[in-house]
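# What the coordinates show
Okay, here's what each chain looks like letter by letter:
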Amino acid sequence: MKYVDEFRDAALGRVLAGEIIAAVEPGRHVKIMEVCGGHTHSIYKYGVDDLLPENVELVHGPGCPVCVIPMGRVDDGIAIARHEGVILTCFGDMMRVPGSTGTLLEAKAAGADVRMVYSPLDALRIAKANPDREVVFFAIGFETTAPSTALTLKRARAEDVANFSCFCNHVTIVPPLRALLDSPDLRLDGFIGPGHVCTVVGARPLEFICADYAKPVVVSGFEPVDILQSVQMILHQLREGRSEVENQYKRVVPYEGNGRALEIMAEVFALRPHFEWRGLGFISHSGLKLSDAYADLDAERRFDVPGVRVADPKACQCGEVLKGVIKPYECKVFGSACTPERPIGTCMVSSEGACAAYYNYGRFARERVVV
Ligand code: SF4
């Protein structure tokens with residue numbers, strides 16, 4: 001299969017692993033953050049971590065869209081779902097994210113009409129099929145998924161679907177990265193850039209990491225060879241004293257991004273002054289709401305929502321995991337009180353969460369096996 005098989009080539013992976021060992025400076029411990037949860041899952045699924053030398057450490061970042069939704073927003077979603085006549089639609093893993101009084105799945109079991117969809121267009125279809133009901137789409141995700149929500153809202157407007165609205169929880173990638181880089185408890189040497197987000201925004205918005213913090217960034221694809229090559233490229237930059245944004249994922253990511261997608265987002269969304277992230281607190285200008293032009297399709301204006309901030313459970317260390325400060329297995333409840341079946345935090349729920357990656361692929365391998 002073109003563009004997949006060649007990026008899973010084991011022999012090429014071993015060559016790159018050898019080049020990584022040769023590129024890392026002796027005596028130096030290098031910490032590289034992969035921002036995106038999709039990378040974290042590839043790393044553990046394919047055993048990329050085991051091919052790296054002891055002194056090259058991968059830590060996981062805040063790029064999982066489900067993981068960052070705070071309890072208060074889940075509670076708001078449940079409150080909307082409980083309104084008379086509402087059908088609340090959302091992606092599957094969002095249904096299992098814990099709020100303070102339970103999950104959307106539990107709300108569904110208790111009688112609320114909560115339905116899983118694969119895309120916002122599915123939600124719009126449900127609205128057209130149920131003109132006597134109010135259909136709300138619980139939108140989540142970074143710039144990767146925001147354009148599809150924007151396009152759906154434009155279509156709802158064009159087709160005059162009056163019973164459709166959006167509970168907008170889209171977030172943007174740059175503000176949390178800046179917050180991480182400003183945080184004193186994390187020392188990072190470089191970043192594996194989020195390939196999916198960059199298909200929309202391009203690689204250019206990550207240039208601040210090099211300009212303001214002098215760290216190398218390599219935007220990466222999601223196959224094991226992509227990730228190994230990105231690590232090798234970061235190590236070469238470090239060795240040569242460079243800090244630049246390089247694009248390993250050129251086959252998909254245009255450096256300047258997708259102009260049409262950015263245009264649609266700018267029309268439909270506006271920045272919120274603040275948005276709360278689970279475990280990370282409030283981050284300025286990090287969340288999107290519907291723009292004034294689309295205010296009539298905003299579920300937060302159409303329905304009463306509590307809008308209350310709810311603290312994470314005491315045992316939950318998702319914030320530290322999302323900042324790369326601890327590894328998932330260092331959380332006290334990992335694999336005991338918190339499992340994919342009964343999650344306490346979000347990182348165990350999401351198909352992109354770091355705790356789910358460790359639980360599914362590496363829970364017995366806490367010591368690195370060096371090959
Ligand atoms: S084990 Fe559970 S509570 Fe701990 S960080 Fe992971 S998801 Fe959060």
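The structure under discussion appears in the preceding block.
Residues numbered from 1 in each chain as written. Predicted model: local features only at pLDDT ≥ 70, side-chain atom pairs only at ≥ 80, totals over all residues. Heavy atoms only, no water.

Residues in close proximity to the ligand include Cys 316, Gln 317, Cys 318, Val 321, Cys 331, Val 333, Phe 334, Cys 338, Gly 345, Cys 347, Met 348 and Cys 355, which together make up its full environment. When each cavity is represented as a set of grid points, the ligand is found to reside in the largest cavity. Of the residues that constitute the shell around the ligand, the class distribution is 10 nonpolar, 2 polar and no charged. (Near = heavy atom within 4 Å. 1 Å grid on protein atoms, 1.4 Å probe; cavity = no way out; pocket = protein on both sides within 12 Å on 5 of 7 lines; lining within 4 Å. Sits in = over half its atoms within 2 Å of the grid points. Nonpolar A, V, L, I, M, F, W, Y, C, P; charged D, E, K, R; others polar.)

Another aspect to go through is unusual backbone geometry. As a rule of thumb, non-glycine residues mostly have phi less than zero, and peptide bonds are mostly trans rather than cis. Within the chain, Ala 214 stands out as a residue other than glycine whose phi angle is a positive 55°. Assignment of secondary structure puts Ala 214 in the loop between helix 9 (207–213) and strand 8 (217–219). What makes Ala 214 exposed here is its relative accessible area of 54%. (Helix = DSSP H or I, 4+ residues; strand = E, 2+ residues; numbered from the N terminus. Buried < 20%, exposed > 50% of the residue type's maximum accessible area, 1.4 Å probe, protein only.)

So, about the sheet that holds strand 9 (residues 245–247). What the 5 strands build is an open sheet, ordered 2-1-7-8-9; its pairing is parallel. Only two strands of the sheet have a single partner each, and these edge strands are strand 2 (56–63) and strand 9. The sheet shows a mean angle of 25° between the axes of neighbouring strands, direction not considered. Of the pairings in the sheet, the one linking strand 8 to strand 9 comprises 3 bridges and is parallel in character. What sits directly across from Val 219, in strand 9, is Asn 247. (Pairing = 2+ DSSP bridges. Axes fitted to C-alpha atoms, helices over the stretch in contact; angles between N-to-C directions.)

With 7 of its 7 residues buried, strand 1 (residues 30–36) lies for the most part within the structure. As paired elements, strand 1 and strand 2 share 6 bridges and run parallel to each other. Bridge pairing in strand 2 links Val 30 to Val 56. Viewed along the sheet, the connection from strand 1 through helix 2 (residues 37–45) into strand 2 turns out right-handed. In the sheet, strand 1 pairs with strand 7 (residues 190–193) via 3 bridges, with the strands oriented parallel. Among the inter-strand pairings, Met 33 is bridged to a residue of strand 7, identified as Phe 191. (Right-handed = clockwise from strand over helix to strand, strands pointing away.)

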